[in-house]
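A structural walkthrough
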Amino acid sequence: MSTILLETKQRGRRVYLELQRLAKEPWLALSILAIFTLLALFIVLPLVKVFQMSLASGESSVAGGSVAMYKEVFQSWYMRKALVNSLVTGVLSALLAVLVGFIMAYTVTRVNVPFKKFFNLVSIVPVISPPFVSALSILLLFGNNGFVTYNLLGIRNFPIYGLRGLLIAQTITFFPVAYLSMKGVLEAINPALEDAAFDLGASRWRVFGKITLPLAAPGIASALLVIFIESLADFGNPLVLAGSNYPTLAVQAYLEITGMYNLAGGAALAVILLIPSVSAFILQKYWVSKKSYVTVSGKPTRSTVKSVSGAMQWILFAFCVVVSIVVLVFYGIIFVGAFSRAWGFDYSFTLRNFSYVWDVGYKTIVDTVTVALVSTPISGILGMFIAFLVVRRNFIGKGLMEFTSMLSFALPGTVVGIGYILAFNTKPLLLTGTLTILVANFVFRYVPVGIQNGIAALHQIDPGIEEAATDLGASSQTVFRRITLPLISPAFFSGLVFAFVRAMTAISAAIFLVSADWNLMTVQILAQVSSGRLGAAAAFSLILVGIILVAIFIIRILVDRLLGVKFETRF
Amino acid sequence: MRKSSLLVAFLLVLTLSVGAFAAPLMVYSSVDEENARDILAAFTKDTGIPVRFVHLSSGPALARMEAEKDNPRADIWMGAPSENHVTAKQRGLTQPYFSPNAKVLDAKFVDEEGYWTSFYMNPMGVAMNTAWAKKAGVETPESWQDLLKPEFAKEIQMPTPQSSGTGYNLVASLILAWGEEEAFSYLRELDKNIQTYTQSGTAPSQAVAVGEAGIGIQFTPAFLKYMDEGYPLQLIFPKEGVGYEAPAISIIKGAPNLEHAQALVDWLISLEAQNKFGELKTYFFPVHPQAVAGEGLPAFNEIPLLEYDAIWAGDNRKDIVDKWIDEVLRGQ
């Protein structure tokens, strides 16, 4: 009894001290408050609206208090199959993508092979996968009449529809996410540790198993988590490649809403989809927080690279070459399609697809770039800042902040889109049809990747460096800007790139939020694909990829300049 | 003289600027982007009414209208088959309007209570990739029964009725023509030759155009578009008859710009507009009895049409789709 009393007293005192500390730093307290308000507004509110909708009774879609929808979902064998398929696909995709991403990142950062810059580029580019067109490209490569399957191997009726096609597509589209975060993490591991182990006589496998891998574990865990969730929420690939025989939850949620006009049913499926996503998140958080490693603890170091044997070096090299070829062919097909008279059939050269796109889509291209340019810096800085607060500061509701900011990432885009319309269509929050609603959607949907990368990177940096700065009189703001941000700049960079890419390529939520004033290229691509203009869709996609590549280059230079980090040594 | 011309110029500028400031008509268009753009530009040219539109396929359009119900952002929903407009009417999302121009239309194109008006139609069609057919050495199928032949095994793509209005239209029109038992036994047989049921109603045309599938089933416009682009397709209307869709237009309840919305309905079903469908290469069949179908369209009276009942189809959707999932899809 008395111990409980004592504990309560102690906790009360801790809260008091905490408040006192915050009062000394009003800037910090205000930002925490502002972030909580934004999270409540743009993540929690739409989610609550969707949850309300899922409790609507039957077809009428009038929000009420019935669980009829959930009952119906669980009684249907088809929906149960969708749940199982989603989980199986999510696990396999995450494992495959992280494996490919890790090998590529390890080779680029630790192994002495030629063409590293090229491998780096090849591993970043597929993060840009224009929706639908990339799935179409997979069909043209591995489908019944596919270039690889039919023309090279002579197989007609290769069963591409279902798990197989989906895994190919998701591995190609998601491994860059793993690569970017693995690379950031591997670069942040001080090579002096590995060198020390070698000097002490450890074998290469031992060094890898006992030092490199455990140090990379938090990064691997967060990449697995992110890709598992992404795969669960992906609907562009399964929509084209899975067909009805292989239902998945995100697609079924989308189809309930758009095919059966059943908002309530779709919302219920989305809420069910949250369970595995959130579980994965909690599992990862528990695991990572148990294993915290500090490797950057002062001056930067340079290392002699000797992590792998000569034979292994060339096996890794061969692997990278194969991945590069697949990626190049994947884009090559789109490139060829954009300049062909009839993609997939008549490959004679033409520029008419581009003149058509210029004619129909010029304004959309400008809109899309504007939306991406506005949302990227907001998303990047917010992500790093939340990561910084979560890892380095103690405040009430810290866990809640991390949890909430991750939440919208785990929801299928369709439902976020619907949630946004439900939440922001009436005064005083009348945002539908504006630039704000698109920007808010992209910022809060994709900031979790930045946060995760930031957290993983921060876990590896000794807080002592920042504490030293604080002791010398720097404020939280200065510490964040001058010390933390430059140290985690690879994670910051990948957060920015990811935010920009997603603002340019996302479709599932955006399709509900575009308007006559603000339209997006992805929505146009979908329209072109469904009305039979494959060449125009390919041309649109090519322009999209081009814009993103230019933007990544500019972001890299800006991050260099603003943070005073020489990137040549890192990228 | 000079004064009066100045005055005229002033008045002209005034009217022009008033015209420019008038709120444009906001359209949710389930007609594809390119056709919607052409059709609406022609409307603005004829009437001077400014228009803005967003392309949304029927599902997202309905979801959006429902979510925006308390504060409608658009005036009118153009396109998507009439059964979807029946759904919109039942959900209380639209409002009635009898256009004076609708009197000449066939009764099946106008809602009894005036909630929706169909303004064009598309027949269901079967298309075969002729390059594939040559290589595989198969003959052109002429009927639905021919599609059951083993030579088409795993070569046919059709949209799933779960998500696609096109897929549902195919299933529902066969049930209406043959009765539920016979239609389902046919669909179970056909399932053996199905490569995949696509989620989107227009995906089969892509697959058959690039040779991914030998045969595709869907509404004709995308097939005709691909043929125009130079893909090797042959369009077939099975001799037992095909269903059709009659895409409609509805005015959204609480439309901020009601007057102009009504003007668009009037214009779309006028003889001049209906003739434009051909000139604009939309591949849409006009509904106006005197209108001329465009170049490249098969003669309408030679297509064997099945009767279709959009209201029955709309009312029985859930039961039929559930039965299809249980009997056809599960049977695999």
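Residues numbered from 1 in each chain as written. Chains lettered and ligands numbered in written order. Predicted model: local features only at pLDDT ≥ 70, side-chain atom pairs only at ≥ 80, totals over all residues.

So, the overall build of chain A
- From N to C terminus, chain A includes 23 helices and two strands.
- For a compact globule of 571 residues, the expected C-alpha radius of gyration is about 25 Å, and chain A comes in at 24 Å, within 12% of that figure.
- With the C-alpha coordinates aligned to their principal axes, the bounding extent of chain A is approximately 70 × 65 × 45 Å.
- The buried share of chain A, reckoned over its 571 residues, is 53%.
- Summarising the internal contacts of chain A: among those between residues at least 6 apart in sequence, 79% fall at separations of at least 24. (Helix = DSSP H or I, 4+ residues; strand = E, 2+ residues; numbered from the N terminus. Rg over C-alpha atoms; globule rule 2.2 N^0.38 Å. Buried ≥ 20, exposed ≤ 12 C-beta atoms within 10 Å, placed from the backbone. Contact = placed C-beta atoms within 7 Å.)

Considering the overall build of chain B
- A count of helices and strands for chain B gives 13 helices and 13 strands.
- Relative to the 2.2 N^0.38 estimate, which gives 20 Å for 332 residues, the radius of gyration of chain B is 22 Å and therefore close to what a compact globule would have.
- When the backbone C-alpha atoms are referred to their principal axes, chain B occupies close to 85 × 40 × 30 Å.
- Looking at chain B residue by residue over its 332 residues, the buried ones come to 53%.
- At a minimum sequence separation of 6, the contacts of chain B that also span at least 24 residues come to 76%.

Describing the pairing of strand β2 (residues 346-349) of chain A
Residues and elements named next belong to chain A.
- With two bridges joining them, strand β1 (residues 340-342) and β2 adopt antiparallel strand pairing. By the bridge assignment, S340 is partnered in β2 with F349.
- The antiparallel hairpin formed by β1 and β2 contains three residues in its connecting segment, where G344 sits at a positive phi of about 95 degrees. (Pairing = 2+ DSSP bridges.)

Some details on the confidence of the model for chain B
Residues and elements named next belong to chain B.
- Residues with a pLDDT of 70 or more make up 93% of chain B, whose mean pLDDT is 88.
- Every residue in residues 12-21 scores below 50 in pLDDT, and together they form one contact with partners more than four places removed in sequence or on other chains.
- Per the prediction output, this complex has pTM 0.78; the corresponding ipTM is 0.73. (pLDDT = per-residue confidence, 0-100.)

Quick notes on the interface of chain A and chain B
- Taken together, the contact pairs 45 residues of chain A with 48 residues of chain B.
- For the side of chain A that touches chain B, the secondary structure elements donating two or more residues are α6 (133-142), α12 (249-258), β1, α17 (413-423) and α22 (521-530) of chain A.
- By residue number, the principal contributor to the side of chain A that touches chain B is α12(A), which donates four residues.
- Per-class residue counts for the side of chain A that touches chain B are 23 nonpolar, 20 polar and two charged. (Nonpolar A, V, L, I, M, F, W, Y, C, P; charged D, E, K, R; others polar.)

Let's talk about the packing of α22(A) against helix α23 (residues 534-563) of chain A
Residues and elements named next belong to chain A.
- Interhelical geometry of α22 versus α23 gives an angle of 160 degrees and a closest axis separation of 8 Å. When the axis of α22 is compared with that of α23, the two are roughly antiparallel. Note on packing geometry: the crossing formed by α22 with α23 is left-handed. Across the interface between the two elements, M521, Q524, I525, Q528 and V529 of α22 pack against L534, A536, A537, F540, S541 and L544 of α23. (Axes fitted to C-alpha atoms, helices over the stretch in contact; angles between N-to-C directions. Parallel < 35°, antiparallel > 145°, perpendicular 65-115°, else oblique. Left-handed = near helix turned anticlockwise from the far one by under 90°.)

Description of the nonpolar core
- By size, the foremost hydrophobic cluster in this structure holds 288 residues, and its most contacted members are A:A178, A:I227 and B:I76.
- For this core, the element with the most residues is helix α10 (residues 204-233) of chain A, which contributes 16 residues.
- Composition of this core by domain shows at least three residues from each of domain 1 (2-121 + 246-298) and domain 2 (122-244 + 306-329) of chain B.
- The residues touching B:I76, leaving out its near neighbours within four places in the chain, are B:L25, B:V27, B:I249, B:I251, B:I252, B:A255, B:A261 and B:L264. (Core = buried A, V, L, I, M, F, W, Y, C linked by C-beta atoms within 7 Å. Domains from an automatic or database assignment.)

Overview of helix α3 (residues 58-67) of chain B
- The buried fraction of α3(B) amounts to ten of the ten residues, a majority that puts the element mostly inside the structure.
- For α3(B), every residue scored as buried is listed here: B:S58, B:G59, B:P60, B:A61, B:L62, B:A63, B:R64, B:M65, B:E66 and B:A67.

A word on the domain arrangement of chain B
All names here are of chain B.
- Domain boundaries assigned for chain B yield domain 1 (2-121 + 246-298) and domain 2 (122-244 + 306-329).
- Using only C-alpha atoms to locate each centre, domain 1 and domain 2 end up separated by 30 Å.
- Counting from both sides, the interface comprises 13 residues of domain 1 and, opposite them, 13 residues of domain 2.
- Per-element accounting of the side of domain 1 that touches domain 2 gives the leading share, five residues, to helix α4 (residues 82-90).
- Of the residues belonging to the side of domain 1 that touches domain 2, the class tally is seven nonpolar, five polar and one charged.

What to know about the confidence of the model for chain A
Residues and elements named next belong to chain A.
- When pLDDT is averaged along chain A, the result is 82; 90% of the residues meet or exceed 70.
- At the low end of the mean pLDDT range in chain A sits helix α1 (residues 2-24), at 68; at the high end sits helix α4 (residues 77-110), at 92.
- Scored below 50 in pLDDT, residues 58-64 shows 15 contacts in the model against residues more than four places distant or in partner chains.
- In the predicted structure, residues 297-302 sits below a pLDDT of 50 and forms five contacts with residues beyond four places in sequence or in another chain.

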